[in-house]
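So the chains spell out like this:
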Amino acid sequence: MKDTDEAALSIGEVSARTGLATHTLRFYEDEGLLAEVRRNAAGRRVYTREDVDWLRVCAKLRASGMPLPEIRHYVELVRKGPGNEAERYELLHRHETRVRQQMADLQEALDTIHGKVTLYARHLAAGTADQLWRDGPACEEPAAR
């Protein structure tokens with residue numbers, strides 16, 4: 001940690017900077033996602049700007065659906081230092097592929113929902129909404145992008 005007081009951030013300050021709740025920060029610490037959380041003379045946690053940057057990465061990995069064991073494995077690889085960059089790359093690349101698939105699936109779902117919204121809007125405007133679902137769920141193909 002840097003010698004200046006400016007570098008020492010409290011858990012509340014880190015929570016405010018990252019948007020992570022203090023109990024989430026403690027959980028991440030317990031899960032081994034932080035290299036080392038230092039404590040001040042009073043025994044309170046103190047964080048550095050580097051900790052904040054890393055926590056932001058962890059939050060994005062979690063928000064994108066990366067399981068904690070995978071994040072923990074990535075942290076362990078980083079802590080080991082040089083020599084395992086290919087393994088880190090593969091772990092991140094696999095996750096990126098999963099996220100891209102999730103995004104494609106969500107886009108397909110959004111297109112279907114948008115088609116239904118458009119269908120309802122059209123029928124409501126025409127006064128024919130009572131005809132919807134009369135013969136089953138009308139699913140129009142979404143407009144081409």
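Residues numbered from 1 in each chain as written. Predicted model: local features only at pLDDT ≥ 70, side-chain atom pairs only at ≥ 80, totals over all residues. Heavy atoms only, no water.

A. Examining the pattern of salt bridges more closely. A complete count under the given rule lists 8 salt bridges for this structure. Arg-38 is paired through a salt bridge with Asp-51; the nearest N and O atoms lie 2.8 Å apart. Taken together, the residues span a long stretch of sequence, with Arg-38 in strand E1 (residues 38-39) and Asp-51 in helix H3 (residues 49-63) at a distance of 13 residues. Side by side, Arg-38 and Asp-51 carry an identical accessibility label, which is buried. A salt bridge links Glu-96 to Arg-100, with the nearest nitrogen and oxygen atoms 3.1 Å apart. Placement of the pair is Glu-96 and Arg-100 together in helix H5 (residues 85-126), with a separation of 4 residues, close to one helical turn. Arg-100 sits in the exposed class, given a relative accessible area of 55%. Connected through shared salt-bridge partners, Glu-29, Arg-39 and Arg-45 make up one network. (Salt bridge = Lys/Arg side-chain N within 4 Å of Asp/Glu carboxyl O. Helix = DSSP H or I, 4+ residues; strand = E, 2+ residues; numbered from the N terminus. Buried < 20%, exposed > 50% of the residue type's maximum accessible area, 1.4 Å probe, protein only.)

B. Structural detail: the environment of Val-78. Mapped onto the fold, Val-78 is located in helix H4 (residues 68-80). You can call Val-78 partly exposed: its relative accessible area is 39%. Spatially, the C-alpha atoms of Val-78 and Arg-88 are 7.8 Å apart, while their sequence positions differ by 10 residues.

C. Inspection of the side chain of His-95 at higher detail. Mapping His-95 onto the fold places it in helix H5. Looking at His-95, its side chain comes within polar contact range of the side chain of Arg-98, at 3.0 Å. Each residue touching His-95, except ones within four places of it in the same chain, is listed here: Leu-61, Ser-64, Gly-65 and Met-66. (Polar contact = N/O pair within 3.5 Å; in protein donor to acceptor, adjacent residues only side chain to side chain. Contact = heavy atoms within 4.5 Å.)

D. A look at the packing of H3 against H4. The geometry of H3 relative to H4 is characterised by a closest axis approach of 10 Å and an angle of 145° between their N-to-C directions. Judged by the sense of rotation from one axis to the other, the crossing of H3 with H4 is right-handed. Where H3 abuts H4, its residues Trp-54, Cys-58, Leu-61 and Arg-62 lie against Leu-68, Ile-71, Tyr-74 and Val-75. Of the residues belonging to the contact of H3 with H4, the class tally is 7 nonpolar, no polar and 1 charged. (Axes fitted to C-alpha atoms, helices over the stretch in contact; angles between N-to-C directions. Left-handed = near helix turned anticlockwise from the far one by under 90°. Nonpolar A, V, L, I, M, F, W, Y, C, P; charged D, E, K, R; others polar.)

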